[in-house]
Amino acid sequence: MSRIGIKPVSLPAGVEVKVDGNNVVTVKGPKGELQEQVSKLLKVEVIENEVVVSRDSDTKEYRSQHGLARTLINNMVVGVTQGFEKKLQINGVGYKAEKKGKDLVMNLGYSHQVIMTDPEGITTEVTSPTEIIVKGIDKAVVGNYAANIRKWRKPEPYKGKGIKYADEVIRRKEGKAGAQ
């Protein structure tokens, strides 16, 4: 049995879950609404204040989908109640970010400014010129947008310049030893 898949997802107050005939799970909460297509190999049921995911068989394809489906549903419930956020830090001389309307404008050492427009459902905040916070209700979209921001200037190992996640540790390398 899947250790994660057998756990029911408890629903907090104000969260409503619907499952239609095609296994499309819709979660509505105070922050918004999310939908996810769950594999047809699984059975998703709403029992009282819990969502239960079960499977008919113990074959590999059924087992591989079981824990994934439960985790996706749990992430939707957490997203519509609390939301998700990723913090990014910018390190480097002259590197900075600012917010102009829905656009995130970054100076990252290029000859031009990098301008990224927030996708629908995502908000970015610039708390200081070197700190960006990406917020939203869909965990995958928040993580993907944060990764796209980071992709513009990945942190390098010698001086640590670039954009990194707040909890990321950059392994530093020693420079050249010097000629004798």
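Residues numbered from 1 in each chain as written. Predicted model: local features only at pLDDT ≥ 70, side-chain atom pairs only at ≥ 80, totals over all residues. Heavy atoms only, no water.

**Points about helix H2 (residues 139–151)**
Here is step 1 of the chain: Over its 13 residues, H2 extends 18 Å from the first C-alpha to the last, a length consistent with the 18 Å expected when each residue adds 1.5 Å.
Here is step 2 of the chain: Buried within H2 we find Val142, Tyr145, Ala146, Ile149 and Arg150. Looking down the long axis of H2, one finds its buried residues gathered within 140° of arc, a one-sided arrangement. Away from the buried face of H2 by more than 90 degrees, exposed residues Ala140 and Lys151 are located.
Here is step 3 of the chain: Of the surrounding secondary structure, the elements contacted by the buried residues of H2 are strand E7 (84–91), strand E9 (103–107), strand E10 (114–117), strand E11 (122–128), strand E12 (131–136) and strand E13 (162–165).
Here is step 4 of the chain: Residue Asp138 occupies the N-cap position of H2, its side-chain oxygen lying 3.3 Å from the main-chain nitrogen of Ala140. (Helix = DSSP H or I, 4+ residues; strand = E, 2+ residues; numbered from the N terminus. Expected span 1.5 Å × (residues − 1). Buried < 20%, exposed > 50% of the residue type's maximum accessible area, 1.4 Å probe, protein only. Arc of directions from axis to C-beta. Contact = heavy atoms within 4.5 Å. Polar contact = N/O pair within 3.5 Å; in protein donor to acceptor, adjacent residues only side chain to side chain.)

**Things to note about the sheet that holds E11**
Here is step 1 of the chain: Strand order in this open sheet of four strands is E11-E12-E7-E13, and the pairing throughout is antiparallel. Unpaired on one side and paired on the other, E11 and E13 mark the two borders of the sheet. Between one strand axis and the next, the sheet turns by 25° as a mean value, whatever way the strands run.
Here is step 2 of the chain: Relative to E12, E11 is paired through six bridges, and the arrangement is antiparallel. Bridge pairing in E12 places Ile122 opposite Gly136. (Pairing = 2+ DSSP bridges. Axes fitted to C-alpha atoms, helices over the stretch in contact; angles between N-to-C directions.)

In short, geometric facts, not functional conclusions.
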